[in-house]
Amino acid sequence: MKRMVVSLLALLVLVGCSTSKDTQKVRFVLDWTPNTNHTGLYVALEKGYFEEAGIALEIVQPPEDGAVGLVAANGAEFGVGFQDTLAPVWARPEPLPVTAVAAMIQHNTSGIVSLKDKGIDRPSKMANHTYATWDIPVEQAILKYVIEQDGGSFDSVALIPNTVTDAVSALQSNIDAIWIYRGWDGIALEVAQQEINYFAFADYAKELDFYSPVVIANNEYLKENPDQAKAFLAALGKGYQDAVANPEEAAQILMKHVPELKSNEALIVESQKYLAGEYMRGEAQWGKFDANRWNAFYNWLGEKQLIEQPIPAGFGFTNEFLAS
């Protein structure tokens, strides 16, 4: 899903924030406008799982500088982050005080998409084609790595600076290939009946199977409220498990809470069906991190000198607050 920040999202939008003497408010800040990455949150809210845990949930739209800064500054207890974009805030002398406490989606579902007639069915075939770039060093390093791992030439790819917001229209322009998350833009292209080729980064380099997105929490909050943090994640996990078990019902719940999504109902339903197989893929428990996979990505960033300083093994995540 998109991780850009738009000025219109600077205002905080509060949802489901009623409290009583039996509940305590917990704030959760999104990374972007509500979408199918977040469905488990809305399912848990709809089914009363947070209330049962003594929590009055407050869902917050991100400010211009994103969710991570707000959580770090005690503006929210929990929020949405991404392992790749969290790296810069940790790889410095004073890391931001946030920790990843659950994997919202178990594997990296991002990769490169193109129209089928371009013939880009693997990284090496991006040679002599155009690619819309965000001009971010890590982004370009990842692309270069998979192309060269596949025997291709990154230097032959024409990079066109472009912040793509609509994959369907972008691929009808002078852009041949774009980076997408399969569960959103890939589904949007299929709903639009476009014939596409897609390859996932994780299929070409295991060290690129990073966690994206993740639930982050404020470190001070975790230290002072461990039981509430566990209760929150248990309720959230139940919401995601329900979304796995019944994706069509989950899609309807998401659209009930976010009515503007109803105009893209086909996309929401199909995206939900796809993500039902991704939220927990390969794991019996929602949210669990694999330390080796977490560390492999940060080791790769360090080896490629893409971060200010190395991130120690095991830093930045914990499974401590997940149900055992």
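Placed above this text is the structure.
This section reports on the structure supplied with the text. (Residues numbered from 1 in each chain as written. Predicted model: local features only at pLDDT ≥ 70, side-chain atom pairs only at ≥ 80, totals over all residues. Heavy atoms only, no water.)

1. Observations regarding the overall build of the protein
Turning to step 1, where the next piece is worked out: Along its length, the protein carries twelve helices and ten strands.
Turning to step 2, where the next piece is worked out: Scaling as 2.2 N^0.38, a compact globule of 324 residues should have a C-alpha radius of gyration of about 20 Å, and the protein matches this with 19 Å.
Turning to step 3, where the next piece is worked out: Dimensions of the protein, computed from the C-alpha atoms along their principal axes, are close to 65 × 45 × 40 Å.
Turning to step 4, where the next piece is worked out: Every one of the 324 residues in the protein was classed for burial, and the buried ones make up 54%.
Turning to step 5, where the next piece is worked out: Within the protein, contacts between residues at least 6 apart in sequence are counted, and of these 81% link residues at least 24 apart.
Turning to step 6, where the next piece is worked out: By element, 48% of the accessible surface of the protein is carried by carbon and sulfur atoms, the whole surface being about 13,900 Å².
Turning to step 7, where the next piece is worked out: Of the charged side chains in the protein, 24 are positive and 41 negative, and the gap between their average positions amounts to 3 Å. (Helix = DSSP H or I, 4+ residues; strand = E, 2+ residues; numbered from the N terminus. Rg over C-alpha atoms; globule rule 2.2 N^0.38 Å. Buried < 20%, exposed > 50% of the residue type's maximum accessible area, 1.4 Å probe, protein only. Contact = heavy atoms within 4.5 Å. Areas by Shrake-Rupley, 256 points an atom, 1.4 Å probe, with all protein chains shown as cover. Lys, Arg positive; Asp, Glu negative; His and termini not counted. Charge placed at Lys NZ, Arg CZ, Asp CG, Glu CD.)

2. Details of helix H4 (residues 83–90)
Turning to step 1, where the next piece is worked out: Of all eight residues that make up H4, six are buried, and the element is covered over most of its length.
Turning to step 2, where the next piece is worked out: In this structure, the buried side of H4 is in contact with helix H3 (67–72), strand S3 (78–81), strand S4 (98–103), strand S10 (214–218) and helix H12 (291–303).

3. Regarding the sheet that holds S3
Strand pairs in the sheet, formed through backbone hydrogen bonds, run parallel or antiparallel to each other.
Turning to step 1, where the next piece is worked out: Spatially, five strands are ordered S2-S1-S3-S10-S4 in an open sheet, and the strand pairing comes out mixed. Taken across any chain shown, the strands that pair with only one partner, and hence form the sheet edges, are strand S2 (55–60) and S4. Recorded for the sheet is a direction-independent mean angle of 30° between the axes of neighbouring strands.
Turning to step 2, where the next piece is worked out: Note that S4 and S10 share five bridges and pair antiparallel. The partner of Ala100 across the bridge, within S10, is Ile216.
Turning to step 3, where the next piece is worked out: Along the sheet, H4 makes contact with S3, S4 and S10, crossing S4 at roughly 165°. (Pairing = 2+ DSSP bridges. Axes fitted to C-alpha atoms, helices over the stretch in contact; angles between N-to-C directions.)

4. With respect to the packing of aromatic side chains
Turning to step 1, where the next piece is worked out: In total, this model carries 23 aromatic pairs according to the counting rule given.
Turning to step 2, where the next piece is worked out: Arranged with centres 5.2 Å apart and planes meeting at 25°, the rings of Phe50 and Phe232 form a pair that is stacked. With Phe50 in helix H2 (residues 49–52) and Phe232 in helix H9 (residues 226–245), this pair connects stretches of sequence that are 182 residues apart.
Turning to step 3, where the next piece is worked out: Owing to a relative accessible area of 1%, Phe50 belongs among the buried residues under this scheme.
Turning to step 4, where the next piece is worked out: On the numbers, 4.9 Å between centres and 5° between planes, the contact of Tyr240 with Trp286 is stacked. Of this pair, Tyr240 sits in helix H9 while Trp286 sits in the loop between helix H11 (265–276) and H12, and the two are 46 residues apart along the sequence.
Turning to step 5, where the next piece is worked out: Trp286 gets classed as buried once you look at its relative accessible area, which sits at 3%.
Turning to step 6, where the next piece is worked out: Taken together, Trp90, Tyr145, Phe210, Tyr211, Phe289, Trp294, Phe297, Tyr298, Trp300, Phe315 and Phe317 form an aromatic cluster joined through their ring pairs.
Turning to step 7, where the next piece is worked out: The lysine or arginine in question, Arg182, covers the ring of Tyr198, its NZ or CZ lying 5.8 Å from the ring centre.
Turning to step 8, where the next piece is worked out: One residue, Arg182, lies across the ring of Tyr274, its end atom 5.5 Å from the ring centre. (Phe/Tyr/Trp six-rings, centres within 6.5 Å; stacked < 30°, edge-to-face > 60°. Lys NZ or Arg CZ within 6 Å of the ring centre and 35° of its normal.)

5. Quick notes on the pattern of salt bridges
Turning to step 1, where the next piece is worked out: For the structure on display, the rule yields 16 salt bridges.
Turning to step 2, where the next piece is worked out: Between Lys256 and Glu46 there is a salt bridge, with the nearest N and O atoms lying 2.8 Å from each other. Here Lys256, found in helix H10 (residues 247–257), pairs with Glu46, found in helix H1 (residues 39–46); they are 210 residues apart in sequence, far enough to count as distant.
Turning to step 3, where the next piece is worked out: On the basis of relative accessibility, which here comes to 54%, the residue Lys256 falls in the exposed class.
Turning to step 4, where the next piece is worked out: Between Lys273 and Glu270 there is a salt bridge, with its nearest N and O atoms 3.4 Å apart. Note that Lys273 and Glu270 are positioned in helix H11 at a spacing of three residues, about one turn of the helix.
Turning to step 5, where the next piece is worked out: The class for Glu270 is partly exposed, based on a relative accessible area of 34%.
Turning to step 6, where the next piece is worked out: Each of Lys47, Asp242 and Glu249 takes part in salt bridges that share partners, so that together they form one network. (Salt bridge = Lys/Arg side-chain N within 4 Å of Asp/Glu carboxyl O.)

6. Let's talk about the nonpolar core
Turning to step 1, where the next piece is worked out: Of all hydrophobic cores here, the largest spans 98 residues; its most connected members are Phe78, Met126, Val215 and Phe232.
Turning to step 2, where the next piece is worked out: Residues in contact with Val215, not counting those within four places in the same chain, are Phe28, Phe78, Gly79, Thr99, Ala100, Val101, Ala102, Met104, Leu233, Leu236 and Trp286.
Turning to step 3, where the next piece is worked out: In terms of nonpolar packing, the next biggest core, distinct from the first, is built from twelve residues, Val113, Leu171, Ile178 and Ile196 among them. (Core = buried A, V, L, I, M, F, W, Y, C linked by side-chain atoms within 4.5 Å.)

7. A look at the environment of Pro63
Turning to step 1, where the next piece is worked out: Its location among the elements puts Pro63 in the loop between S2 and H3.
Turning to step 2, where the next piece is worked out: Pro63 sits in the buried class, given a relative accessible area of 15%.
Turning to step 3, where the next piece is worked out: Considering only alpha carbons, one finds Pro63 and Asn174, 111 residues apart in sequence, at a separation of 33 Å.

Everything listed here is a matter of geometry and, on its own, says nothing about what the molecule does.
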